[in-house]
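The residues making up each chain are set out below.
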Amino acid sequence: MSDLLAHLNPSQAQAVTLPDEHALILAGAGSGKTRVLTTRIAWLIHSGAVSPAGILAVTFTNKAAREMRLRIEAMVDGRARGMWIGTFHGLCNRLLRAHHRDAGLAALFQILDVADQLAAIKRLLKALNVDSDRFPPRELLYFINTHKEAGLRPHAIEAHDDYTRRRVELYQEYEAQCQRESVVDFAELLLRCHELLQRNEPVRRHYQQRFRHILVDEFQDTNALQYRWLKLLAAEGGEGGAALFCVGDDDQSIYRFRGANVGNMRDFEREFHVRHLIRLEQNYRSHGNILDAANAIISNNGNRLGKNLWTERGEGEPIRVFEALSDGDEARWIVGEIETLVREGVARGDIALLYRANAQSRALEHQLFSSGIPYRVHGGLRFFERQEIKHALAYLRLIANADDDTAFMRVVNFPARGIGARSQELLLDAARAGGASLYAAIAALSGRSAVALAPFHRLIEDLRGETAALPLPDLVEHVLERSGLRTHYQTEKEGQDRLENLAELVTAARNFSVEAQVAPETWGAPHGLLAEFLNHASLEAGDHQAGAEEDAVQLMTIHAAKGLEFDVVFLGGLEEELFPHGNSLAESGGLEEERRLMYVAVTRARKRLYLSCAQERVLHGQTHYCLRSRFLDEIPQSLVKFLARGTQRSASAAPSGSGAVSRPRAPETASSRGLPGGLRIGQNVRHPRFGYGVIVAAEGGGGDAKAQINFGDAGVKWLLLSAAKLETV
DNA sequence: TAATCGTTGGTTTTT
DNA sequence: CCAACGATTA
């Protein structure tokens, strides 16, 4: 047992060996958070304090849950079996399946992902004849989800205006529709589970008594409902409740926009009378200069729980800062620098390009592509979200549950089988009138549309019969064939990739049936394993992308980079309005969240960090003249090395010869020649009173020349150049 | 039913 | 600028 603790520093060891009481672990970036969490669990089991079945560990991603289980298994050889490790959604799903009756759900209820949910809402609005201009589906989705995440059912919402009253009604209608179709969305999983535990005392007591230790990862990202769920399970305040062990970092809370509530950390500390607050501040990832920069940046935020990262490593290299002329120039510079690094032996996979917004990847990709550097963009469409996969899953869903109208609508006429908009409308009306699902309503049709829909009805019937006894992979295979999906993509000229993905789906089903331990409650149910596979597909969007093996430069948003680390990190687009993003500046607390994002970005780097900004950037087809980000100025100058144009080690392979990274002036700039004093649009200037600014427009000439200058916080002003004491920067 | 045109909106998104 | 969606047209 002592060797469990052998590689831990004192704070880590203290956290791991805490008594059976509530604890809050403030784990800084790179401080060994996961190690503490997993070792804690192993230690609890080894010390005999609790049996594996008494442990519940909660994460946010399936990947994190898998890794945690793997690492624990390595430490407790085989005794990890009875532990519950999973995401909030995965665990709630499991509980709801086990107690579906008590929760008022069908045994084989399906899970809607966001796209399904949006489709369901659109269908609802259409059925109710609601003007979707007045009630945009996206807005309604947001309305429903935020209220669910706040634990509010329609009847509990106070509506003070007609508009909200109507939205509440629609929320209610949406719930009824989901119930009728036996589907639940993500937020519903949590809310339903919370209600189950709250209302059903035997069930609640059962789990409260079972789980002696509840451990939560990324606690700063929990939302209000998740925290309430934890409180309920841990029997807050009651005798004999579980010990809650929460690990998180308030400085890395970057999902507020999605409902995450950092305040949960303080609330937890207070409500559970937490006596053990441990800070993990020793960082094992980054060199000193990088940490110092991160600390300096985040110190500008107020209301922190407080933490200062340090390292035993040396200070390392300075942080490199580059000011590019334009976004294209920035991309060229970054790629030039990457070429140098690769030539010096840095693996491409150890280099990451981070950015605030996905749109920024375009320029970078373009440049990487033309330089022939392999790269991989993270994010974007995931496996189970692809069109062809969703189509295949829809057929599978109809087999498991024919009342799933979302699935029905998706494939009723795909591949095209002559069921046009008219037939679909008639069917929707019939279903609505009879209070039945679309599938059931086919029987009620007559005339032309009945004829049109009959073959589809028969197809689904047949599929159910034919597949009832098939092993899951064969079942999927059969559906691909019989539904006509495969033939459809075979005849489509761009269908090759899609066919491969469909084949990959069969593989996924095979892997799933090998690995899955089928939950007892679905044993024997005719398509029980299928239902579980479908849930797996909804809850796990599929991180395993093809082509992950090649040694490639990694591109992703800062959000996507959380939890990852790289030897070399490039962070581009450090400009006001982009990062910090303009939209976030308006909301209260927005700037601080942006700053945490900056903190996350900086702490991804192990050895070398490059920061860059551009003087002008094309966004939405318009050229913006940018001020450098305030975050750049929050880094102590002593840590920084400013790279001047041409200073970079010359690369013979560079696009236009050594140092010649600047491009010809843009037309906009050329049109502004004639401004006195060598000023041009896009020029950075300093004014004695207004501070730093950038010229965004100009008019007049000679002695009358005026320039419009954006001074950031000081506003945008027109100044007479002959009078203003401007200094170029 | 499919193809085409026009409108709209574009920060981040673990489940 | 440009992708994605909805409505209109062939």
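Residues numbered from 1 in each chain as written. Chains lettered and ligands numbered in written order. Predicted model: local features only at pLDDT ≥ 70, side-chain atom pairs only at ≥ 80, totals over all residues. Heavy atoms only, no water.

(A) Geometry of the packing of aromatic side chains. Following the criterion strictly, the structure yields 19 aromatic pairs and no others. Ring geometry for Phe 88 and Trp 229: centres 5.7 Å apart, planes at 70°, overall edge-to-face. One end of the pair, Phe 88, is in helix α5 (residues 88-98); the other, Trp 229, is in helix α11 (residues 224-233), and 141 residues separate them in sequence. Both residues of the pair, Phe 88 and Trp 229, belong to the buried class. (Phe/Tyr/Trp six-rings, centres within 6.5 Å; stacked < 30°, edge-to-face > 60°. Helix = DSSP H or I, 4+ residues; strand = E, 2+ residues; numbered from the N terminus. Buried < 20%, exposed > 50% of the residue type's maximum accessible area, 1.4 Å probe, protein only.)

(B) View of empty space enclosed by the protein. Applying the stated criterion across every chain yields a total of four cavities of 30 Å³ or more. The volume enclosed by the largest cavity comes to roughly 80 Å³. What lines the largest cavity is a set of 14 residues, among which Glu 330, Ile 334, Gln 360, Leu 364 and Gly 572 lie closest to the centre. In terms of residue count, the dominant contributor to the lining of the largest cavity is helix α14 (residues 327-343) (four residues). (1 Å grid on protein atoms, 1.4 Å probe; cavity = no way out; pocket = protein on both sides within 12 Å on 5 of 7 lines; lining within 4 Å. Points joined across faces, edges and corners; volume = space filled by probe spheres on them.)

(C) Seen up close, the sheet that holds strand β2 (residues 55-59). Overall, parallel pairing links the six strands, which are arranged β3-β2-β6-β7-β1-β8 in an open sheet. Among the strands making up the open sheet, the edge pair consists of β3 (84-87) and β8 (276-280). For this sheet, the mean angle separating the axes of adjacent strands, direction not counted, is 15°. Sheet topology note: the strand β1 (residues 23-27)/β8 ladder contains five bridges and is parallel. From the neighbouring strand, Ala 23 faces β8, where its bridge partner is His 276. (Pairing = 2+ DSSP bridges. Axes fitted to C-alpha atoms, helices over the stretch in contact; angles between N-to-C directions.)

(D) Just the packing of helix α6 (residues 114-127) against helix α8 (residues 162-181), in detail. Running from N to C, α6 and α8 cross one another at 110°; their axes reach a closest spacing of 10 Å. The angle between α6 and α8 places the two elements in the roughly perpendicular class. Pair α6 / α8 crosses with right-handed handedness. Of the residues in α8, those touching α6 at Gln 117, Ala 120, Ile 121, Arg 123, Leu 124 and Leu 125 are Leu 170, Glu 173, Tyr 174, Gln 177 and Glu 181. Among the residues forming the contact of α6 with α8, the class breakdown is six nonpolar, two polar and three charged. (Parallel < 35°, antiparallel > 145°, perpendicular 65-115°, else oblique. Left-handed = near helix turned anticlockwise from the far one by under 90°. Contact = heavy atoms within 4.5 Å. Nonpolar A, V, L, I, M, F, W, Y, C, P; charged D, E, K, R; others polar.)

(E) Molecular detail of unusual backbone geometry. Cis geometry is found at the peptide bond from Phe 414 to Pro 415, where omega equals -5°. Summarising the element assignment, Pro 415 is placed in the loop between α17 (405-411) and α18 (421-434). With an omega of 5°, the peptide bond running from Phe 579 to Pro 580 counts as cis. Tracing the chain through its elements places Pro 580 in the loop between β13 (566-571) and α26 (582-586).

(F) How the structure looks around the environment of Arg 410. Topologically, Arg 410 is positioned in helix α17. When the C-alpha atoms of Arg 410 and Leu 393 are compared, they prove to be 9.9 Å apart, with 17 residues separating the residues in sequence. Apart from the residues within four sequence positions on either side, Arg 410 is in contact with Gln 387, Lys 390, His 391 and Ala 394.

(G) Here's a closer look at the protein's contact with DNA strand C. Around DNA strand C lies a shell formed by Lys 122, Arg 362, His 620 and Gly 621. Counting only atoms of DNA strand C within 4 Å of the protein, the sugar-phosphate share comes to 46%. Between DNA strand C and Lys 122 there is a distance of 3.2 Å, counted from a phosphate oxygen to a side-chain nitrogen or oxygen. Within the contact set of DNA strand C, a phosphate oxygen lies 3.2 Å away from a side-chain nitrogen or oxygen of Arg 362. In terms of residue class, the surface near DNA strand C is built from no nonpolar, two polar and two charged. (Near = heavy atom within 4 Å. Polar contact = N/O pair within 3.5 Å; in protein donor to acceptor, adjacent residues only side chain to side chain.)

(H) A look at the side chain of Asn 200. Tracing the backbone through its elements, the reader meets Asn 200 in the loop between α9 (186-199) and α10 (201-210). Of the residues examined, Asn 200 reaches a relative accessible area of 16% and is grouped as buried. Here the side chain of Asn 200 touches Val 203 through a polar contact of 3.2 Å, landing on its backbone nitrogen. With sequence-adjacent residues up to four places away left out, Asn 200 is seen in contact with Asp 102 and Glu 195.

(I) Region of the structure containing the protein's contact with DNA strand B. Lining the immediate surroundings of DNA strand B are 28 residues, of which Tyr 255, Arg 258, Arg 356, Asn 358 and Gly 420 lie closest. Of everything in DNA strand B that lies within 4 Å of the protein, sugar and phosphate atoms constitute 53%. Arg 258 places a polar side-chain atom, nitrogen or oxygen, 2.7 Å from a base nitrogen of DNA strand B. Between DNA strand B and the protein, one listed contact pairs a phosphate oxygen with a side-chain N or O atom of Asn 413 at 3.4 Å.

(J) Representation of the pattern of salt bridges. Counted under the stated rule, the structure contains 51 salt bridges. Residues Glu 317 and Arg 320 are paired through a salt bridge, measuring 2.8 Å at the closest nitrogen-oxygen approach. For Glu 317, a relative accessible area of 29% gives the class partly exposed. Note on Arg 320: relative accessible area 10%, which makes it buried. Two residues, Asp 462 and Arg 482, come together in a salt bridge whose shortest N-O distance is 3.2 Å. Residue Asp 462 is found in helix α20 (residues 447-467), and its partner Arg 482 is found in helix α21 (residues 472-482); the two are separated by 20 residues along the sequence. (Salt bridge = Lys/Arg side-chain N within 4 Å of Asp/Glu carboxyl O.)

(K) Region of the structure containing the environment of Leu 364. As for its placement among the helices and strands, Leu 364 is situated in helix α15 (residues 361-370). The spacing of Leu 364 and Glu 330 is 34 residues in sequence and 8.5 Å in space, taken between C-alpha atoms. Residues in contact with Leu 364, not counting those within four places in the same chain, are Ala 331, Ile 334, Leu 353, Tyr 355 and Leu 555.

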